[in-house]
Each structure stands twice: as structure tokens, then as C-alpha cells.
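# Report on the structure
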Amino acid sequence: MKDQFQSWLDHKSNPTGVLAAGLVYPDKSTISKMFSDVCDEANFDLILAALIGTLQMAQQQKFPGTQLRLSFEQYSIHCAFRHDRCCLALLTEPQLPLIASTSVERLLEEFQSL
């Protein structure tokens, strides 16, 4: 499973609007890919580690849906979770143009269908 997700993420080359992407596995291990220098990989991995607690709590409380978006002043994080508890997180600018927003949605849907 990890190899499949790693390969999928490795084949994504600078998706429109995405500054960084990270995968969180059920065992809480992570992999990241940076598309911009706004955040380094080590810091993004820390964000992913903190985020996983929120995502797991939402799943345990049976919140409806499979996607979560967190918006901050300078960045947004878009997350999609799968039934196997794997999670994709995408770091973007908060106000995405339509084409970038479509690209982000497509990535989240593609991840969920793997």
C-alpha cells in the first residue's frame, strides 16, 4: 500500500495551486513532497503529525464526509481520508483561483479512488 501511494505522489509534478502534499498512513508514518519553498519538508511533516490527531478524532466521532479543510490567513490545508485510514494533505494558498481549486479537488478525489 505504501509503495502504491508513494509512487502516485512521486508522479505528481507541481500540481496547480498546491504548495506541498503529504500522505499519512494508519501507522502515523508520513511522506511529503514539496512544490514550493514556503515550507520545508521537516516543518510540513510536523504539521501532518499534529493534524493526524484531529483527523482521527473526527473519524472516531463518525463525522460525516471524507474531506476536511482548514483555512488560515496565509495558507489552507485540504485533507482527504480513505476507508483504510490513509490521509492526503495538500497545502495551498487560501484563495485559490478556479483552475487551482479544480486541480486540488481532482487530486483529493484521485487519492480516494486509489
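Higher on the page you've got the structure.
Quick notes on the rules
Residues numbered from 1 in each chain as written. Predicted model: local features only at pLDDT ≥ 70, side-chain atom pairs only at ≥ 80, totals over all residues. Heavy atoms only, no water. Phe/Tyr/Trp six-rings, centres within 6.5 Å; stacked < 30°, edge-to-face > 60°. Helix = DSSP H or I, 4+ residues; strand = E, 2+ residues; numbered from the N terminus. Buried < 20%, exposed > 50% of the residue type's maximum accessible area, 1.4 Å probe, protein only. Polar contact = N/O pair within 3.5 Å; in protein donor to acceptor, adjacent residues only side chain to side chain. Contact = heavy atoms within 4.5 Å. Disulfide = S-S within 2.5 Å. Core = buried A, V, L, I, M, F, W, Y, C linked by side-chain atoms within 4.5 Å. Pairing = 2+ DSSP bridges. Axes fitted to C-alpha atoms, helices over the stretch in contact; angles between N-to-C directions.

## Things to note about the packing of aromatic side chains
Scanning the model with the defined rule gives three aromatic pairs in all. On the basis of an interplanar angle of 45° and a centroid distance of 5.4 Å, the ring pair of Phe5 and Phe111 is categorised as tilted. With Phe5 in helix 1 (residues 2–10) and Phe111 in helix 3 (residues 98–113), this pair connects stretches of sequence that are 106 residues apart. For the pair formed by Phe5 and Phe111, the shared burial category is buried.

## Overview of the side chain of Ser32
By the secondary structure assignment, Ser32 is in strand 2 (residues 30–34). With a relative accessible area of 14%, Ser32 lands in the buried category. Polar side-chain contacts of Ser32 include one of 2.3 Å to the side chain of Asp45. Residue contacts for Ser32: discarding those within four places in its chain leaves Leu9, Ala21, Gly22, Glu41, Phe44, Asp45 and Leu48.

## Here we look at the state of the cysteines
Evaluation of the coordinates by the stated rule reveals zero disulfides. Cys87 provides the cysteine sulfur closest to Cys79, a residue in no disulfide bond, and the two sulfurs are 4.6 Å apart. Residue Cys87 is classed as buried on the basis of its relative accessible area of 2%.

## A few points about the environment of Gln112
Summarising the element assignment, Gln112 is placed in helix 3. A C-alpha to C-alpha distance of 8.5 Å links Gln112 and His83, two positions 29 residues apart in sequence. Among residues more than four places away in sequence, those in contact with Gln112 are Thr66, Gln67, Ala80, Phe81 and Arg82.

## Quick notes on the nonpolar core
Judged by nonpolar contacts, the single largest core of 17 residues is most densely connected at Leu23, Leu88, Leu90 and Phe111. Mapped onto this core, the elements with two or more residues apiece are helix 1, strand 1 (18–24), strand 5 (87–92) and helix 3. Ranked by residues supplied to this core, first place goes to helix 3 with four residues. Those residues in contact with Phe111 that sit more than four places away from it in its chain are Phe5, Trp8, Leu23, Ala80, Arg82, Cys86, Cys87 and Leu88.

## Topic: the sheet that holds strand 2
Spatially, the five strands line up as an open sheet ordered 2-1-5-4-3, and their pairing is antiparallel. At either margin of the open sheet sits one strand with a lone partner, and together these are strand 2 and strand 3 (67–71). Averaged over neighbouring strand pairs, the angle between their axes works out to 15° when direction is ignored. One ladder, built from six bridges, connects strand 4 (residues 76–81) with strand 5; its direction is antiparallel. Residue pairing across strands places Ile77 opposite Leu91, the latter belonging to strand 5.

## Observations concerning unusual backbone geometry
The phi torsion at Lys28 lies on the positive side, around 75°, for a residue other than glycine. One non-glycine residue, Arg85, lies in the positive phi region at around 75°.

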